[in-house]
Amino acid sequence: MKNTGKFMIIIVTMLLITIPVIYMAFPVNVKSKVFIYCGAGLKPAMDEIAVMFEKKYGVSVEITYGGIGAIASQFFSTKIGDVFIVPDPLYFNKLRDEGYVKYFEKILVFKPVIAFKSGNSKHIKSLMDLLRDDVKVGLGDPRIPAIGRAAKQVLENAGIVNEVFNKTIVYTSTVNELATYIKANAIDAAIVWKAVAIAYGLEYIEIDEKYNVEYPVYAVVLTTTNNEKASLDFINFLKSDEARNIFIKKGFSPA
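**Comments concerning the overall build of the chain**
Consideration 1: Counting secondary structure elements, the chain contains ten helices and eleven strands.
Consideration 2: Per-residue burial for the chain yields a buried fraction of 47% across its 255 residues.
Consideration 3: Taking contacts inside the chain between residues at least 6 apart in sequence as the whole, the part at least 24 apart equals 77%.

Rendered as structure tokens:
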């Protein structure tokens, strides 16, 4: 019995030594994860890019889309997240001023256009056509999506903001909703990002440069990140030729 007891002690001791060594040599494959906040207007490209990144890096990507004001409020209240794709300099500056920007890259430039359904039955040719009584207009809510603030700036630059606001029949929380309203014939025209018009198969006209604005899009690694390496890998991937080709294909303009 004594010999048996000693033998069992030796076996247990050997197991305690060898199991950690085996684990270090062949670790359990626990998939890394990156949690991302992203403006809704980027969804057509970001969904495809996220799939490519997951395949290439073996990292799970979870994206919360929404109007910039809404997703910024979510982040500031929870203080949870790894990456923020920010299509609005106002909120980028707010993140930086409050100490939440660990690293960033400028990845895209957004420009608004006037979008309408294919065929242009209302014969919209310029920004001033939004003033017409027979043109139903939709806009992004200036308090929520970046396109709402951009549209307000464009209309202010043209000196017609009050007139257009007074006749606008719907304000939305995302730019994507405006495209959906146009396709459903609920509105005739809206100011949207060029890439969104292309993604939804809408026709559009460029806005006169003397009135138009540009919005840079920043990819930010947040100081709250739990996975800094994967977050940096994701942002670097957004600058890669693979990601740039998707952005261009979807109508976005890389920085």
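**Remarks on the sheet that holds strand 10 (residues 215-222)**
Consideration 1: The mixed open sheet is built from six strands, whose spatial order is 2-1-3-10-4-11. Since the sheet does not close on itself, it has two edges, and those belong to strand 2 (59-66) and strand 11 (253-254), each with one partner.
Consideration 2: Two strands pair when backbone bridges link them, and strand 3 (residues 83-86) and strand 10 are joined in this way by four bridges, in the antiparallel orientation. Bridge pairing links Val 83 to Val 221 in strand 10.

**Overview of the pattern of salt bridges**
Consideration 1: Enumeration over the complete set of coordinates arrives at 13 salt bridges.
Consideration 2: The salt bridge involving Lys 43 is made with Asp 47; its shortest N-O contact spans 2.6 Å. Here Asp 47 and Lys 43 lie together in helix 2 (residues 43-57), a separation of four residues that amounts to about one turn.
Consideration 3: When its relative accessible area of 33% is taken as the criterion, Asp 47 is described as partly exposed.
Consideration 4: Its salt-bridge partner being Lys 194, residue Glu 206 comes within 3.6 Å of it at the nearest N-O pair. Linking Glu 206 in strand 9 (residues 203-206) with Lys 194 in helix 8 (residues 194-199), this pair joins segments that are twelve residues apart in sequence.
Consideration 5: A relative accessible area of 47% means that Glu 206 is categorised as partly exposed.
Consideration 6: Owing to a relative accessible area of 29%, Lys 194 belongs among the partly exposed residues under this scheme.

**Thoughts on the pairing of strand 8 (residues 189-193)**
Consideration 1: Most of strand 8 is tucked away, with five of its five residues classed as buried.
Consideration 2: Judged from the five bridges that link them, strand 5 (residues 112-116) and strand 8 form a sheet pairing that is antiparallel. When the sheet's bridge partners are listed, Phe 116 is paired in strand 8 with Ala 189.
Consideration 3: Strand direction decides the pairing type here: strand 6 (residues 137-140) and strand 8, joined by two bridges, are parallel. From the neighbouring strand, Val 137 faces strand 8, where its bridge partner is Ala 189.

**Quick notes on the sheet that holds strand 5**
Consideration 1: The five strands are arranged 7-6-8-5-9 in an open sheet whose pairing can be described as mixed. Edge positions in the sheet fall to strand 7 (168-172) and strand 9, since each has one partner strand and no second. Averaged over neighbouring strand pairs, the angle between their axes works out to 35 degrees when direction is ignored.
Consideration 2: Sheet strands in contact with helix 7 (residues 175-183) are strand 5, strand 6, strand 7 and strand 8, and its direction is about 145 degrees off that of strand 8.

**So, the packing of aromatic side chains**
Consideration 1: Summed over all chains, the structure comprises 19 aromatic pairs.
Consideration 2: Look at Phe 75 and Phe 84: their rings are 6.3 Å apart centre to centre, the planes differ by 85 degrees, and that puts the pair in the edge-to-face class. The residues Phe 75 and Phe 84 share a single accessibility class, namely buried.
Consideration 3: On the numbers, 5.9 Å between centres and 75 degrees between planes, the contact of Phe 247 with Phe 252 is edge-to-face. You'll find Phe 247 and Phe 252 in the same group, each marked buried.
Consideration 4: Put simply, the rings of Phe 35, Tyr 37, Phe 75, Phe 76, Phe 84 and Tyr 100 pair up and form one aromatic cluster.

**Considering the side chain of Ser 231**
Consideration 1: Inspection of the secondary structure puts Ser 231 in helix 9 (residues 228-238).
Consideration 2: By relative accessible area, Ser 231 is classed as buried at 0%.
Consideration 3: Apart from residues lying up to four places away in sequence, Ser 231 is in contact with Val 34, Asp 82, Val 83, Val 221 and Thr 225.

**Some points on helix 7**
Consideration 1: Those residues of helix 7 not exposed but buried are Val 175, Asn 176, Leu 178, Ala 179 and Ile 182. In a view along the axis of helix 7, the buried residues occupy a sector of 155 degrees, so they form one face of it.
Consideration 2: Close packing links the buried residues of helix 7 with strand 5, strand 6, helix 5 (146-158), strand 7, strand 8 and helix 8.

**With respect to the environment of Gly 67**
Consideration 1: Mapped onto the elements, Gly 67 comes out in the loop between strand 2 and helix 3 (68-78).
Consideration 2: The exposure class of Gly 67 is buried, given its relative accessible area of 5%.
Consideration 3: For the pair Gly 67 and Asn 176, spaced 109 residues apart in the sequence, the C-alpha separation amounts to 9.5 Å.

Definitions and limits used
Residues numbered from 1 in each chain as written. Predicted model: local features only at pLDDT ≥ 70, side-chain atom pairs only at ≥ 80, totals over all residues. Heavy atoms only, no water. Helix = DSSP H or I, 4+ residues; strand = E, 2+ residues; numbered from the N terminus. Buried < 20%, exposed > 50% of the residue type's maximum accessible area, 1.4 Å probe, protein only. Contact = heavy atoms within 4.5 Å. Pairing = 2+ DSSP bridges. Salt bridge = Lys/Arg side-chain N within 4 Å of Asp/Glu carboxyl O. Axes fitted to C-alpha atoms, helices over the stretch in contact; angles between N-to-C directions. Phe/Tyr/Trp six-rings, centres within 6.5 Å; stacked < 30°, edge-to-face > 60°. Arc of directions from axis to C-beta.

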